[in-house]
Amino acid sequence: MRRLSLAAGLWLGLAAAAQAGQPVNLKAETADSDGIVTLGDLFDGAGSAADVRVAAKPGLTVVLDAGAVQQLARRAGLDWANAEGVRRIIVRSGADGGASATVARTGNVEVLTYARSLSTGEIVQPEDLIWAKAALAPSDAPHDADQVVGLSARRPLRAGSAVSGRDVSAPQVIATGDIITLTYEAAGMVLSAKAKAMGRATIGEGFAAQNLSSKRTIQAVATGPGQAAVGPAADQIQAAPATRYALR
């Protein structure tokens, strides 16, 4: 009888091991471009279960219950331990079609939020940001307002929503076809000329420009709306550490 019990225990242990799922971790970043959230969007190492559908995402965001996701993953053969105590998973689309996973943990956190709604292309100013308490924060939430001020909204941003790094980008100050002023500075001498921008650029970014008088195409560096530097000054700007400018 003792041998039977030992054998039964061994068999049960092997059966439990066989039923154990593949350990997986929740992704910090997802890539959802078709409006359908799958286990592969949420977990690293989902393997053959990657295409298992979790939920539809008809809008910019979808909120998933972590417990329900854990059970679904388990039925699909995945084992998510959820050691961090995640309660909700928010998947939101970015301007580039990607999405980032935001996790909600126990307790409130301080996050930067938008004090007003911003339109695409608007420049974020200090007064547009306010710290607020929230149960969750984007995985790429900035830790300082200076990381966002002076940057351009990549899409419409709603007042009260948490700030994410994916919300903003360097502002475009020169567009293809713009008539701009090129400035050359060296040894105390300053020369300027009109040119046509052959590409678009943000502040500090290089682009090609065609001199309207000589028709010669040269490389310039954007310094502001309709303004660009050439020569030694342009080289210095590109060699300097990146600087964010607030355009007022």
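In case you missed it, the structure is sitting above this.
Cut-off values and rules
- Residues numbered from 1 in each chain as written.
- Predicted model: local features only at pLDDT ≥ 70, side-chain atom pairs only at ≥ 80, totals over all residues.
- Heavy atoms only, no water.
- Helix = DSSP H or I, 4+ residues; strand = E, 2+ residues; numbered from the N terminus.
- Buried < 20%, exposed > 50% of the residue type's maximum accessible area, 1.4 Å probe, protein only.
- Contact = heavy atoms within 4.5 Å.
- Areas by Shrake-Rupley, 256 points an atom, 1.4 Å probe, with all protein chains shown as cover.
- Core = buried A, V, L, I, M, F, W, Y, C linked by side-chain atoms within 4.5 Å.
- Pairing = 2+ DSSP bridges.
- Axes fitted to C-alpha atoms, helices over the stretch in contact; angles between N-to-C directions.

### Points about the overall build of the protein
Next up, step 1: Each helix and strand in the protein was counted, giving four helices and 20 strands.
Next up, step 2: Residues counted as buried form 38% of the 248 residues belonging to the protein.
Next up, step 3: Considering only contacts within the protein whose residues lie at least 6 apart along the sequence, 50% involve residues at least 24 apart.
Next up, step 4: Carbon and sulfur atoms provide 53% of the accessible area of the protein, an area that totals close to 14000 Å².

### Points about the nonpolar core
Next up, step 1: Membership of the largest hydrophobic core comes to 17 residues, with the highest contact counts inside it found for Leu42, Phe43, Leu64, Val69, Leu78, Trp80 and Ile89.
Next up, step 2: Contributions of two or more residues to this core are made by α2 (39-42) and α3 (66-75).
Next up, step 3: No other element matches α3, which puts three residues into this core.
Next up, step 4: Residues in contact with Trp80, not counting those within four places in the same chain, are Val24, Leu26, Phe43, Ala66, Val69, Gln70, Val86 and Ile89.
Next up, step 5: Ala197, Ala222, Ala228 and Val230 belong to the second-largest nonpolar core, a separate cluster that totals 14 residues.

### Regarding the environment of Ala175
Next up, step 1: Within the secondary structure, Ala175 sits in the loop between β14 (172-174) and β15 (179-186).
Next up, step 2: Put simply, Ala175 and Ala201 are 26 residues apart on the chain and 6.7 Å apart in space, counted from C-alpha to C-alpha.
Next up, step 3: Contacts of Ala175, omitting those with residues within four sequence positions, involve Ala197, Gly199 and Arg200.

### Comments concerning the sheet that holds strand β19 (residues 217-224)
Next up, step 1: On the basis of which strands lie adjacent, the closed barrel formed by five strands has the order β15-β16-β18-β19-β20 and mixed pairing. Strand after strand, the sheet turns through a mean of 55° between neighbouring axes, direction not considered.
Next up, step 2: Judged from the three bridges that link them, strand β16 (residues 189-197) and strand β18 (residues 206-211) form a sheet pairing that is antiparallel. Bridge pairing links Ala195 to Asn211 in β18.
Next up, step 3: Against the sheet, helix α4 (residues 232-239) touches β15, β18, β19 and β20 (227-230), its axis set at about 105° to β20.

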